[in-house]
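Summary of structural features
The primary structure of each chain is shown beneath.
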Amino acid sequence: TLRRFDHGLERWRNRPIRDNALIVVLDAVRLKGAIPHLKTAVPVLFAYAIYPDGSEDVLDFEIEHGESTNAWSKFCQRLYERGLKNVRLIVRDDCDAIGNAIALCWPKALDQQCVFHILNNLCKKLKGYKDKQVILSDASWLYEAISEEEFYRWAIKFKNKWQKYKYHTFFKYFMGKLYQSIRYFELPREYWTIAKTTNRLERYFEEVERRIKPFRRFPNSGSC
């Protein structure tokens, strides 16, 4: 049975991939035992696609020692060679290695950084600030804008309101992320929610982690 599963999995991982994905989500989940001789959890790279007809698909996964530019580039190049030549928008966290891989494999794709990750990082950088909750609330509200023009109008108001912090790390970080956090405006509005975050894969990872929780770690790479 396991041999049949291995053969089936190998066929799945080498199948042709549909082209012209509207959205591709790239992210990694860290799993213990994926590489047996390492005691720490290692990343398993994942790609998830949403197509214009509404269909969705996990495209592939790969166990790696780390999230390097080389690892992500090889992973993305494999997707490209299997048929994924054109992607409208790619959603990712702020991992520079993923950004480098996108630029190499799909240079024309819109590079969207996950709004949730940006706000989560902003929250960490605001630790100890008395205005933390108000700033977070104001920053989150920007993403309720119904157009790019409205977003930037609100962003100017945000900048003026918190001008006293303009030289602080959190302020420079957030203002520097604005452009890459709103590439979703270039898609039809019905896809904005999906395109804002990596939630499609995050929910998938939660289910994977729930299922492996009873045995805590994989005994080997094949099991993973």
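Just above, that's the structure.
Residues numbered from 1 in each chain as written. Predicted model: local features only at pLDDT ≥ 70, side-chain atom pairs only at ≥ 80, totals over all residues. Heavy atoms only, no water.

1. Considerations on the nonpolar core
The line we're drawing: Within this scheme, the nonpolar core is defined by two criteria: the residues are buried Ala, Val, Leu, Ile, Met, Phe, Trp, Tyr or Cys, and they are joined through side-chain atoms within 4.5 Å. Burial here depends on accessible area, computed with a 1.4 Å probe over protein chains only, as a share of the maximum for the residue type. Under 20% is buried, over 50% is exposed, and the range in between is partly exposed. Each helix corresponds to a stretch of at least 4 residues labelled H or I by DSSP, and each strand to a stretch of at least 2 residues labelled E; elements are numbered beginning at the N terminus.
Judged by nonpolar contacts, the single largest core of 48 residues is most densely connected at I23, Y143, F151 and F174. If you tally residues by element for this core, the top one is strand 1 (residues 21-31), at 5 residues. Residues A21, L59, L84 and A109 belong to the second largest nonpolar core, which totals 26 residues.

2. Concerning the environment of T193
With respect to the helices, strands and loops of the structure, T193 is situated in helix 8 (residues 192-196). Owing to a relative accessible area of 65%, T193 belongs among the exposed residues under this scheme. Here the alpha-carbon distance between T193 and A101, two residues 92 residues apart in the chain, equals 24 Å.

3. Focus on helix 1 (residues 2-13)
Here is the rule we go by: Under the convention used throughout, the expected extent of a helix is 1.5 Å for every residue step, that is, one less than its residue count.
Between its first and last C-alpha, helix 1 extends 16 Å over 12 residues, near the 16 Å set by a 1.5 Å rise per residue. Burial analysis of helix 1 places just 1 of its 12 residues in the buried class, a small minority of the element.

4. Notes on the sheet that holds strand 3 (residues 56-63)
To keep things clear, this is the line we draw: One requirement defines pairing of two strands: DSSP has to find at least two bridges between them. The axes used here are C-alpha line fits, helices contributing only the stretch in contact, and every angle between their N-to-C directions lies in the interval 0 to 180 degrees. Residue contacts are defined here by distance: any two heavy atoms, one from each residue, within 4.5 Å place the two residues in contact.
With respect to topology, 5 strands assemble into an open sheet ordered 3-2-1-4-5, the strand pairing being mixed. Sheet topology places strand 3 and strand 5 (110-113) at the edges, where each strand pairs with a single neighbour. Taking the axes of each pair of neighbouring strands and ignoring which way they run, one obtains an average angle of 20° across the sheet. The sheet contact formed by strand 1 and strand 2 (residues 42-50) spans 9 bridges and is antiparallel. Bridging from a neighbouring strand, R30 pairs with P43 of strand 2. Sitting on the sheet, helix 2 (residues 69-81) is in contact with strand 1, strand 2 and strand 3, with an inclination near 35° to strand 2.

5. Observations regarding the pairing of strand 5
Keep this limit in mind: Assignment of crossover handedness uses the view with strands pointing away from the viewer, where a clockwise path from the first strand over the helix to the second indicates a right-handed crossover.
What you see with strand 5 is no split at all: L110 and Q112 on one side and D111 and Q113 on the other are buried throughout. Bridging between strand 4 (residues 87-92) and strand 5 involves 4 bridges; their strand directions are parallel. Of the residues in strand 5, the one forming a bridge with R92 is Q113. Handedness of the strand 4-helix 3 (residues 96-105)-strand 5 crossover: right-handed.

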